[in-house]
Amino acid sequence: MELRYLFKKTQTAEDNKPSEQQEGPAAPQGLFHKCTKCQETIFSEELRKNSFVCPTCGNYFRMYASTRIEETLDEGSFEEWDADLLETNPLGTPGYEDKLRKLNDKTGLNEAIITGKGRIGGHETVIGIMDCRFMMASMGSVVGEKITRAVERATEQRLPVILFTASGGARMQEGIVSLMQMAKTSAALKRHSDAGLLYITVLTDPTTGGVTASFAMLGDIILAEPGALIGFAGPRVIEQTIGQKLPEGFQRSEFLLEHGFVDKIVERRDIRDTLESILKLHEDKGQFAPEDMPEIKISKKNTKLTPWDKVMISRGKDRPVAEDYIKELFPDFIEFHGDRFVRDDRAIMGGIATFAGRSVTVIAESKGHDTTENIARGFGMPSPDGYRKALRLMKQAEKFGRPVICLVDTPGAYCGLEAEERGQGEAIARNLYEMSALKTPILSIIISEAGSGGALALAVSDEIWMLENAIYAILSPEGYASILWKDSKRASEAAAEMKLTAEDMLRLGIVEKVIEEPTDLSMDNINAVISSIGSGLNEFISANLDFDADKLVRGRYDRFRRF
Ligand SMILES: [Zn+2]
């Protein structure tokens, strides 16, 4: 089918004068705005300076695409693409052309999206920004075509793509042709991804319907503005269908984060910097420059610890947890959330960072420090959702050729009703299966407790290191004693019999390296351990600068084949 192009009006600077900024449904034009949430009257100038966030209540006003470009891209770096793509009326819908013409006159926009190329902090990127003023940024054939062309050019030029989404969904006046835009844009993005290129979406209010069910949800990294409405079916439609009122916060960014569909919620004022950091971490592999790791003397008491002593030490209340290691070793760590299925399991933390100038993916089992954090992080016992988040981030590391560093610290996988319903066994199995052939280096470091399959699901690696007083076992000594001897009180005896210390692991060939630690390892003396891990990481990264993926995978196969 050939599209019939109709007309075009070129957008001028006049069309987007800041004083004409009209944001949100009830905002009057002119010098003042009335906040739709707190009803406060705000000077237009003040609102603009605050990136269209209400200074009184923090309410987010919708932004013009042109303003977004000004706020996001380096000054003068934007080159617009396909601005002259003309309107179509593929189904010959009566009155549609008039409607488009009127909107064109009113807003100065040719369509609901502006696309092009620009730079953020010097990093070149393709960018597309939707604008709700134009038919609620519904996805007609021109919107789909502009996105597809932008993505195709990004693939040719090997550039990342960033799309700011906002849309009411499909465009009714273009019917089935609008639906096809979902397939067309998704297909272009698949090619872009298969070429190993980065795609980021920034979901803004509202992102709904066909846009959610296509390019909005396909980002390698999905960011969202706070409080944005994001969903497939609109809340009104759902309420009418089920005959119930929806709960507060339903389909908002925070809800999506909790349910595993958003990597990170970013305040508007931080979006540019966040995008810049992410682009930087993906731009190239970076220059390798070993981290300076001073040698620190490790102080130890002169007592021989029994295996049971080590069990107790590994569970110690003051012992540093994964977050502490991440903070010390990867200060530029950006955390990403969610499994893209049901939930964000906080027992697993994952994200990207640099070490020695190279980008790495960091995935950790995380217990938290105090009771509140312990509960929020499920005491470091991951659910299937946690393992699926870990796998998602590992696959992303593979796509971008980043080494994966896992920090292992769990008493075991979470045991419970929901975990079984969602397939705890399947999730762990899937990780073992996929990790065995992941085409990027994997290093796992057991920092405290490594229990059962719950630990192994982050440790099918090229190398495994272990802190001196950490333990690694098929189950807890209490569990072992209770199964074998029907007496969990004999746990200390079991600990000795089970061979679970770092020394045992080295002898059995389960780990490559034992990291010496002070007798009472805590935040006060963590430096010595950080220093040894850091030196080890320098070596590991340096040895894998130009890794041969097939050789790596063969080596990993052989490593586990011998047991
Ligand atoms: Zn307000």
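Remember, it's a predicted structure, so these values are computed and weren't measured experimentally.

Topic: the overall build of the chain
Stage number 1. If you tally the helices and strands in the chain, you get 21 helices and 18 strands.
Stage number 2. Against the 2.2 N^0.38 benchmark of 24 Å for 563 residues, the chain shows a C-alpha radius of gyration of 27 Å, consistent with a compact globule.

So, helix H9 (residues 271-283)
Stage number 1. The terminal C-alpha atoms of H9, which comprises 13 residues, lie 18 Å apart, in line with the 18 Å expected from a rise of 1.5 Å per residue.
Stage number 2. Looking only at H9, the buried set comprises Ile271, Leu275, Ile278, Leu279, Leu281 and His282. For H9, the angular spread of the buried residues around the axis is 160°, confining them to a single face.

A closer look at helix H17 (residues 477-485)
Stage number 1. If you check which residues of H17 are buried, you get Pro477, Tyr480 and Ala481. For H17, the angular spread of the buried residues around the axis is 95°, confining them to a single face.
Stage number 2. Count one or two residues on from H17 and you reach Lys486, which has phi positive near 50°.

Re the domain arrangement of the chain
Stage number 1. In terms of domain boundaries, the chain breaks down into domain 1 (24-61), domain 2 (62-282) and domain 3 (302-561).
Stage number 2. Look at where the C-alpha atoms of domain 2 and domain 3 centre, and you get two points 38 Å apart.
Stage number 3. Facing 15 residues of domain 2, the contacting portion of domain 3 comprises 17 residues.
Stage number 4. It is H9 that provides the largest number of residues to the side of domain 2 that touches domain 3, a total of 4 residues.
Stage number 5. Residue composition of the side of domain 2 that touches domain 3, by class: 6 nonpolar, 5 polar and 4 charged.

Some details on the environment of Ile326
Stage number 1. Topologically, Ile326 is positioned in helix H11 (residues 322-329).
Stage number 2. Ile326 sits in the buried class, given 20 other C-beta atoms within 10 Å.
Stage number 3. As for Ile326 and Ile363, which are separated by 37 residues in sequence, their C-alpha atoms are 9.5 Å apart.
Stage number 4. Apart from residues no more than four positions distant in its own chain, Ile326 is found in contact with Phe333, Val362 and Ala364.

Here's the deal with the pairing of strand S12 (residues 348-355)
Stage number 1. Counting buried positions along S12 gives 7 out of 8 residues, so the element sits mostly inside the fold.
Stage number 2. Of the pairings in the sheet, the one linking strand S11 (residues 334-336) to S12 comprises 3 bridges and is antiparallel in character. Counterpart to Phe336 in the pairing with S12 is Gly350.
Stage number 3. For S12 and strand S13 (residues 358-365), the ladder comprises 8 bridges, and the chain directions are antiparallel.

Quick notes on the confidence of the model for the chain
Stage number 1. For the chain, mean pLDDT is 92; residues scoring 70 or higher make up 94% of the total.
Stage number 2. Counting interchain partners and residues more than four positions distant, the pLDDT-below-50 stretch residues 1-28 has 56 contacts.

What to know about the environment of Thr155
Stage number 1. Positionally, Thr155 belongs in helix H4 (residues 141-157).
Stage number 2. As a C-alpha pair, Thr155 and Ser448 span 293 residues in sequence and 44 Å in three-dimensional space.

Overview of the pairing of strand S4 (residues 113-120)
Stage number 1. Most of S4 is tucked away: 6 of the 8 residues are buried.
Stage number 2. Pairing geometry for strand S3 (residues 79-81) and S4, over 3 bridges, is antiparallel. Residue pairing across strands places Glu79 opposite Lys117, the latter belonging to S4.
Stage number 3. Relative to strand S5 (residues 123-130), S4 runs antiparallel, the two sharing 8 bridges. Pairing of Ile113 across the sheet is with Met130, part of S5.
Stage number 4. Between S4 and S5, which pair antiparallel in sequence order, lie 2 residues; one of them, Gly121, sits at a positive phi of approximately 55°.

Concerning the environment of Ser359
Stage number 1. Relative to the helices and strands, Ser359 is located in strand S13.
Stage number 2. The sequence separation of Ser359 and Lys551 amounts to 192 residues, and the corresponding C-alpha distance is 21 Å.

Description of the packing of H11 against helix H20 (residues 526-543)
Stage number 1. The N-to-C vectors of H11 and H20 enclose an angle of 65°; their axes lie 11 Å apart at closest approach. As H11 runs across H20, the sense of the crossing is right-handed. Along its contact with H11, which presents Asp324, Glu328 and Leu329, the element H20 presents Ile526, Ile530, Ile533 and Gly534.
Stage number 2. Its residues assigned to classes, the contact of H11 with H20 comprises 4 nonpolar, 1 polar and 2 charged.

Overview of unusual backbone geometry
Stage number 1. Cis geometry marks the peptide bond from Asp205 to Pro206, where omega comes out at -15°.
Stage number 2. Assignment of secondary structure puts Pro206 in strand S7 (residues 199-208).
Stage number 3. Its identity is not glycine, yet Arg340 carries a phi of approximately 65°, on the positive side.
Stage number 4. Turning to its location among the elements, Arg340 is positioned in the loop between S11 and S12.
Stage number 5. Among the residues examined, Arg340 registers 17 C-beta atoms within 10 Å and is labelled partly exposed.

Things to note about the packing of helix H10 (residues 307-314) against helix H18 (residues 491-498)
Stage number 1. Two elements in contact, H10 and H18, have axes separated by 8 Å at closest approach and are oriented at 105°. With respect to each other, H10 and H18 are oriented roughly perpendicular. Counted together, Pro307, Trp308 and Val311 of H10 and Ser492, Ala495 and Ala496 of H18 form the full contact between these two elements.
Stage number 2. Class assignment for the residues of the contact of H10 with H18 results in 5 nonpolar, 1 polar and no charged.

Cut-offs applied
Within each chain, residue numbers correspond to sequence positions counted from 1 in written order. Residues qualify for local features only when their pLDDT is at least 70, as the model is predicted, and side-chain atom pairs are given and counted only at 80 or more; totals for whole chains, interfaces and linings, by contrast, use all residues. Where helices and strands are cited, they refer to DSSP runs of H or I of at least four residues and of E of at least two residues respectively, numbered from the N terminus. Computation of the radius of gyration draws on C-alpha atoms alone. For the globule rule, the value is 2.2 Å times the number of residues to the power 0.38. In this analysis, the expected span of each helix is defined as 1.5 Å times one less than the number of residues it contains. The exposure label follows from counting other C-beta atoms within 10 Å of a residue's C-beta, where the C-beta atoms are placed from the backbone and the thresholds are 20 or more for buried and 12 or fewer for exposed, leaving partly exposed in between. Arc definition: it is the arc formed by the directions from the helix axis to the C-beta atoms. For the domains described, the bounds stem from an automatic or database domain assignment. Residues are defined as contacting one another if the C-beta atoms placed from their backbone atoms lie within 7 Å. Under the grouping applied here, Gly and all other residues not named as nonpolar or charged are polar, the nonpolar ones being Ala, Val, Leu, Ile, Met, Phe, Trp, Tyr, Cys and Pro and the charged ones Asp, Glu, Lys and Arg. Between any two strands, at least two bridges found by DSSP are needed for them to pair. Here pLDDT means the predictor's own confidence in every residue, given as a number from 0 to 100. Fitted lines through C-alpha atoms serve as axes, helices being fitted only where they are in contact, and the angles separating the N-to-C directions of these axes extend from 0 to 180 degrees. Handedness of a crossing is defined here by the sense of rotation of the near helix relative to the far one, left-handed for an anticlockwise turn of less than a right angle and right-handed for a clockwise turn. With respect to orientation, any angle under 35 degrees is reported as roughly parallel, any angle over 145 as roughly antiparallel, any angle of 65 to 115 as roughly perpendicular, and every other angle as oblique.

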